[in-house]
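What follows is the residue order along each chain.
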Amino acid sequence: MQAAVTEMFTAMQSVMPVATRPALAFVRGRGSWVWDHEDRAYLDFVQGWAVNALGHCPEEIARALETQSRTLVNCSPAFHSLPAVLYAHALTRAAGMDHVFFANSGAEANEGAIKLARKWGALNRDGAHEIITFQGAFHGRTLATMSASGKPEFEPMFEPKVAGFPKARLNDLKSVAALISPRTAAVMIEPVQGEAGVVPATDDFLRKLRALTREHGLLLIADEIQTGMGRTGRLFACEHAGVKPDVMTLGKGLGGGVPLAALLATREASCFAPGEQGGTFNGNPLMAAVGMAVLERIDTPAFLVAVRMQSVYLRARLERLAATHGLGEVRGRGLLLALDLQRDIGPEVVTRAREAGLLLNAPRPHLLRFMPALTVTREEIDRAVDCLDRVLRELPACA
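Quick caveat, the model's predicted, so the values are computed rather than measured.

Draft legend 1. Looking closely at the overall build of the chain. Helix and strand counts for the chain come out as twelve helices and 16 strands. Here the C-alpha radius of gyration of the chain, 21 Å, is about what a compact globule of 399 residues would show, namely 21 Å. In terms of principal-axis extent, the alpha carbons of the chain reach across some 60 × 55 × 45 Å. Sequence-distant contacts in the chain: of pairs separated by 6 or more residues, those separated by 24 or more amount to 70%. A total accessible area of about 17,800 Å² is found for the chain, and carbon and sulfur atoms account for 55% of it.

Draft legend 2. Just a nonpolar patch on the surface, in detail. Together, Leu143, Met157 and Phe158 make up an exposed nonpolar region whose accessible area comes to about 280 Å². Mapping Met157 onto the fold places it in the loop between α6 (143-148) and β6 (167-168). Residue classification places Met157 among the partly exposed positions, given a relative accessible area of 31%.

Draft legend 3. Representation of the packing of helix α10 (residues 301-325) against helix α12 (residues 378-394). For the pair α10 and α12, the least separation of the axes is 10 Å and the interaxial angle reads 15 degrees. When the axis of α10 is compared with that of α12, the two are roughly parallel. Crossing of α10 against α12: the hand is right-handed. Residue-level inspection shows Gln310, Tyr313, Leu314, Arg317, Leu318, Leu321, Thr324 and His325 of α10 in contact with α12, the latter providing Arg378, Ile381, Asp382, Val385, Asp386, Leu388, Asp389, Leu392 and Arg393.

Draft legend 4. Structural view of the sheet that holds strand β11 (residues 247-250). On the basis of which strands lie adjacent, the open sheet formed by seven strands has the order β4-β12-β11-β10-β7-β5-β6 and mixed pairing. A single partner strand is all that each edge strand has here, and the edge strands are β4 (99-103) and β6. With four bridges joining them, β11 and strand β12 (residues 261-265) adopt antiparallel strand pairing. By the bridge assignment, Val247 is partnered in β12 with Ala265. Of the strands in this sheet, β4, β5 (130-134), β7 (184-189), β10 (219-223), β11 and β12 are in contact with helix α5 (residues 106-124), which crosses β12 at around 25 degrees. Packed on one face of the sheet, helix α8 (residues 203-216) meets β5, β7 and β10 and runs near 165 degrees to β7.

Draft legend 5. Layout of helix α9 (residues 285-298). The first and last C-alpha atoms of α9 sit 20 Å apart over 14 residues, in line with the 20 Å expected at 1.5 Å per residue. With twelve of its 14 residues buried, α9 lies for the most part within the structure. Of the positions making up α9, those classed as buried are Pro285, Leu286, Met287, Ala288, Ala289, Val290, Gly291, Met292, Ala293, Val294, Leu295 and Ile298. On the buried face of α9, the contacting elements are α3 (59-69), α4 (82-95) and α10. The N-terminus of α9 is capped by Asn284, whose side-chain oxygen sits 3.1 Å from the backbone nitrogen of Leu286.

Draft legend 6. Summary view of the sheet that holds strand β3 (residues 41-44). In spatial order, the strands read β1-β2-β3-β15; together these four strands make up an open sheet with mixed pairing. Pairing within the sheet leaves two strands with one partner each, and these edge strands are β1 (26-30) and β15 (358-359). In the sheet, strand β2 (residues 33-36) pairs with β3 via three bridges, with the strands oriented antiparallel. Pairing of Trp33 across the sheet is with Leu43, part of β3.

Draft legend 7. Quick peek at α8. Along its 14 residues, α8 runs 20 Å from first to last C-alpha, staying within 8% of the 20 Å computed at 1.5 Å per residue. The complete set of buried residues in α8 reads Asp203, Phe205, Leu206, Leu209, Arg210, Leu212 and Thr213. Buried-residue contacts for α8 involve β5, α7 (173-177), β7, β10 and β13 (330-333). A positive phi of about 70 degrees marks Gly217, the residue just after α8.

Quick notes on the rules
Residues numbered from 1 in each chain as written. Predicted model: local features only at pLDDT ≥ 70, side-chain atom pairs only at ≥ 80, totals over all residues. Heavy atoms only, no water. Helix = DSSP H or I, 4+ residues; strand = E, 2+ residues; numbered from the N terminus. Rg over C-alpha atoms; globule rule 2.2 N^0.38 Å. Contact = heavy atoms within 4.5 Å. Areas by Shrake-Rupley, 256 points an atom, 1.4 Å probe, with all protein chains shown as cover. Patch = residues over 30% accessible without salt bridge, like charges linked within 9 Å, V, L, I, M, F, W, Y side chains within 5 Å. Salt bridge = Lys/Arg side-chain N within 4 Å of Asp/Glu carboxyl O. Buried < 20%, exposed > 50% of the residue type's maximum accessible area, 1.4 Å probe, protein only. Axes fitted to C-alpha atoms, helices over the stretch in contact; angles between N-to-C directions. Parallel < 35°, antiparallel > 145°, perpendicular 65-115°, else oblique. Left-handed = near helix turned anticlockwise from the far one by under 90°. Pairing = 2+ DSSP bridges. Expected span 1.5 Å × (residues − 1). Polar contact = N/O pair within 3.5 Å; in protein donor to acceptor, adjacent residues only side chain to side chain.

Structure representation (structure tokens):
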């Protein structure tokens, strides 16, 4: 056993160090739980950064993968496949859109949205190419999506950036209006800024932003990579405000854990010509079959009601915890919540929680982000909050 562990740690040195990872390797998972190489269990409230919408290894995904892998895995994007066609029809109907382009990651979907908006601006706004985005936004790690993001840490990286992304302030309509010019083609927004610390756009702001873009003849792009597919208690977060964008991007929970993303557009916004967008693995039958299984599970009234109920319960438990320890606000929507720690102890809390068997995320030094499976139970919520309570009591900064 010791030899196997030594070999595993040696093999870790072959992984490019693009992230700071603890010295453990996960081996299996089920629902809200995951087990490491020593068979130690962890309650997972990260779930791949809101990726595993149905938890680890749900039966729906296992069945879809097994059945489709024995039927047709990939037939080239030069042809239609039945799973992709059926899934495209179901997803566009659920989203109230007309066309979908399937991709492998949220960044790829957002890159496609940027290209689509620039082409649309060239056709409809005399060559307009700028896309107004927001301070604090996160749209991905390609060069264009990093440029579109408003994450301060990205500013000095990989210069020169892609030009054409003026930044407005979230929930400040005047700051958006001040940036609109003849060069503007679109406005791109996350309904909830996850990486910035789970900062929601208000429903009123989203409605006024939709009116403003219509007034100026601009596209509204909703980046629902993290918020889509039931994460906020509605199938799509924009539904809370009654707003329909012209373009929507989806990822993370869309495939329930497999690499699947989507760029959706209304017929009026969908202007790609053949050859202008593509990808070798995009819309392959295997991922389409999984996407359909996830959509069929999530897109039901009962499932989404359950998400909202668990959200209310998790928020209440976190608010009681905050009151006990003199912490700040709990914010967010659905099962995408954040707790303000009021001091820069987030990384230490994450480490101590992991050592106690609870996986958490700190997107900012003073914040914890909670992204459990949408199927999380009250008992698991209780267990997570009780564990966090013990960690905070033992932490010198909180004692």
